[in-house]
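# Architecture at a glance
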Amino acid sequence: SEVGPLRVDEQIASCAEVGVSDVEFLDYPDGLIEQSVSLRADLARSIRSNRPEVILSINHHDDWGPGSWNHPDHRAVGRSILDAVRDAGNPWLFQHEGSESEPANQAWGGVRFVAFGGSILPTHGVDIGETLDAGIASLEHHRVYLDHLEGPMRDVPTFLTTAAEAAGPRLGVDKAVLFEVIHF
């Protein structure tokens with residue numbers, strides 16, 4: 001009850017930093033998200049309502065590489081997104097009360113791909129040499145979250161710059177971010 005509203009404010013400020021003004025929250029509690037039919041339904045309804053062609057998320061695999069373990073929220077949300085993309089295109093799933101003409105009740109199969117940042121199986125990359133500073137400034141808005149972390153992520157500029165510089169040579173650029181892209 002205390003951290004939820006703070007994290008909402010952080011996310012809105014973080015998005016505004018990079019020019020995003022439309023932010024939707026599904027009100028699942030941090031740290032307690034589970035892969036479920038209800039999460040798939042909520043994500044499918046959001047996909048139908050917003051009609052994206054591309055969805056960005058974070059690593060949905062069990063780990064970040066040898067000797068690490070991924071957060072349960074990342075795993076649950078990422079895997080549920082993959083299912084919800086397919087569900088959103090199925091007109092027989094997840095109808096809710098209301099008009100058939102409501103966007104959330106109209107099938108949408110227009111998602112072309114989902115791109116997962118931080119994946120252990122990257123397939124694509126983007127040169128972020130000109131936008132890294134904006135990404136750092138955006139992530140810095142998550143102070144409540146960051147101040148309670150241990151380890152390298154707490155130092156946002158160093159963490160993101162180090163990761164970008166490590167990925168850059170794979171694309172032949174100075175700084176990059178890598179994604180696992182799953183096509184639909």
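In what follows, the structure referred to is the one given above.
Structure report, in brief. Computed from a prediction, not measured in an experiment: that's the story for all the values here.

## Examining the pattern of salt bridges
Applying the stated criterion to the full structure yields nine salt bridges. Residues Glu10 and Arg7 are paired through a salt bridge, measuring 3.1 Å at the closest nitrogen-oxygen approach. You can see Glu10 and its partner Arg7 sitting in helix 1 (residues 3-17), three residues apart, about one turn around the helix. For Glu10, a relative accessible area of 7% translates into the label buried. The buried category is assigned to Arg7, whose relative accessible area is 18%. Between Arg143 and Glu140 there is a salt bridge, with its nearest N and O atoms 2.4 Å apart. The network of salt bridges with shared partners includes Arg7, Glu10 and Asp30.

## Some thoughts on the pairing of strand 2 (residues 113-117)
Across a regular strand the side chains alternate sides, sitting on one face of the sheet and then on the other. Taking burial as the measure, the five residues of strand 2 include five buried ones, the bulk of the element. Of the two faces of strand 2, the one holding Phe113, Ala115 and Gly117 and the one holding Val114 and Phe116 are both buried throughout. As judged from the five bridges shared by strand 1 (residues 54-58) and strand 2, these two strands associate in the parallel manner. When the sheet's bridge partners are listed, Val54 is paired in strand 2 with Phe113.

## A few points about the nonpolar core
Counting 17 residues, the largest nonpolar core has Ile47, Ile55, Ile81, Val85, Val111 and Val114 as its most contacted members. If one sorts the elements of this core by residue count, helix 3 (residues 72-88) sits on top with six residues. Excluding residues that lie within four positions of it along the chain, Ile55 makes contacts with Ile47, Ile81, Val85, Val111, Phe113, Val114 and Ala115.

Analysis parameters
- Residues numbered from 1 in each chain as written.
- Predicted model: local features only at pLDDT ≥ 70, side-chain atom pairs only at ≥ 80, totals over all residues.
- Heavy atoms only, no water.
- Salt bridge = Lys/Arg side-chain N within 4 Å of Asp/Glu carboxyl O.
- Helix = DSSP H or I, 4+ residues; strand = E, 2+ residues; numbered from the N terminus.
- Buried < 20%, exposed > 50% of the residue type's maximum accessible area, 1.4 Å probe, protein only.
- Pairing = 2+ DSSP bridges.
- Core = buried A, V, L, I, M, F, W, Y, C linked by side-chain atoms within 4.5 Å.
- Contact = heavy atoms within 4.5 Å.

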